[in-house]
Amino acid sequence: IVPIVMAGVLGIYGLIVAVIIAQAVVPPNQGDATNVYSSFNGYTHFAAGLCCGLSCLAAGGTIGILGDVGVRGFGLTAENGCKWFWDPNAMEADGGGDEGGDQHVPMFNKNSAENANKLYVGMLIMLIFSEALALYGLIVALILSQHNYVCA
């Protein structure tokens, strides 16, 4: 659920930048139709939107890949490489299949839980740093959107 929440935060970053840019757009004067919204303002707002959008796109792709690989790896590590439908007694019931007969893999042990926790912490740290990529884009977009030039 952590990657899903982090991906939702990326959308909020875009919403923040969109609201700030929308408040800075000024319509032309009604009386003489002069425009006070300059090309400079338009390009800086465009650059702010691109900066936030592209950094969130990169962070979203990273979060998606890390989340997918991390959840799969965490699940396999927590299960000690075994699936929930695997029956450890099935090999012993039919004679063991091979000549050893001892093909039993324990379903859960202390090391698998510790390894799963280590994997989860590592995945969480990588997700946080990939979220920081989008946060840097948001900060740059906020700085860009504050530049203003009024036509005289």
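That block above? That's the structure.
Predicted, not measured: the structure shown is a model, and the values here were computed from it. (Residues numbered from 1 in each chain as written. Predicted model: local features only at pLDDT ≥ 70, side-chain atom pairs only at ≥ 80, totals over all residues. Heavy atoms only, no water.)

**Q** Can you walk me through the overall build of the protein in this structure?
**A** In terms of regular secondary structure, the protein is built from four helices and zero strands. From first element to last, N terminus to C terminus, the protein shows the α and β order α-α-α-α. A total of 152 residues make up the protein; the buried ones form 23% of that total. Excluding contacts between residues fewer than 6 apart, the proportion of contacts in the protein whose partners are at least 24 apart in sequence is 81%. (Helix = DSSP H or I, 4+ residues; strand = E, 2+ residues; numbered from the N terminus. Buried < 20%, exposed > 50% of the residue type's maximum accessible area, 1.4 Å probe, protein only. Contact = heavy atoms within 4.5 Å.)

**Q** Would you mind going over the side chain of Ser 130 with me for this structure?
**A** Within the secondary structure, Ser 130 sits in helix α4 (residues 110–145). The class for Ser 130 is buried, based on a relative accessible area of 6%. Of note is the side chain of Ser 130, whose polar atom sits 2.8 Å from the backbone oxygen of Leu 127. (Polar contact = N/O pair within 3.5 Å; in protein donor to acceptor, adjacent residues only side chain to side chain.)

**Q** Help me understand helix α1 (residues 2–24), please; the structure alone is not making it clear to me.
**A** Since there are 3.6 residues in each turn of an α-helix, residues three or four apart along the chain are aligned in direction. With 23 residues, α1 extends 34 Å from end C-alpha to end C-alpha; this agrees with the ideal 33 Å at 1.5 Å per step. For α1, the full list of buried residues reads Pro 3, Met 6, Leu 10, Tyr 13, Val 17 and Ile 21. (Expected span 1.5 Å × (residues − 1).)

**Q** How should the pattern of salt bridges be read in this particular structure?
**A** Two side chains carrying opposite charge are able to pair once their charged atoms lie near each other. If you walk through the whole model with that rule in mind, you get one salt bridge. Between Arg 72 and Asp 68 there is a salt bridge; the shortest N-O distance is 2.9 Å. Of the two residues, Arg 72 and Asp 68 are both situated in helix α2 (residues 39–78); the distance of four residues between them amounts to about one turn of the helix. On the basis of relative accessible area, Arg 72 is assigned to the exposed category, the value being 57%. A residue is classified by how much of its surface remains accessible, and Asp 68, at 39% relative accessible area, is partly exposed. (Salt bridge = Lys/Arg side-chain N within 4 Å of Asp/Glu carboxyl O.)

**Q** What is the right way to look at the state of the cysteines in this model?
**A** Here, disulfide denotes a covalent bond that connects the sulfur atoms of two cysteines. A full pass over the atoms with the stated rule returns zero disulfides. The cysteine Cys 52 is free of any disulfide, with Cys 56 supplying the nearest cysteine sulfur at 4.1 Å. By relative accessible area, Cys 52 is classed as buried at 3%. (Disulfide = S-S within 2.5 Å.)

**Q** What should I look at first to understand a nonpolar patch on the surface in this one?
**A** A surface patch of nonpolar side chains, about 530 Å² in accessible area, is lined by Phe 74, Leu 119, Tyr 120, Val 121, Ile 125 and Phe 129. With respect to the secondary-structure elements, Tyr 120 resides in helix α4. Of the residues examined, Tyr 120 reaches a relative accessible area of 33% and is grouped as partly exposed. (Patch = residues over 30% accessible without salt bridge, like charges linked within 9 Å, V, L, I, M, F, W, Y side chains within 5 Å. Areas by Shrake-Rupley, 256 points an atom, 1.4 Å probe, with all protein chains shown as cover.)

**Q** What should I look at first to understand the environment of Ala 48 in this one?
**A** Within the secondary structure layout, Ala 48 lies in helix α2. Placed 27 residues apart in sequence, Ala 48 and Ile 21 show a C-alpha to C-alpha distance of 8.5 Å. Other than its neighbours up to four places away in sequence, Ala 48 contacts Val 17, Ile 21, Ala 141, Leu 144 and Ser 145.

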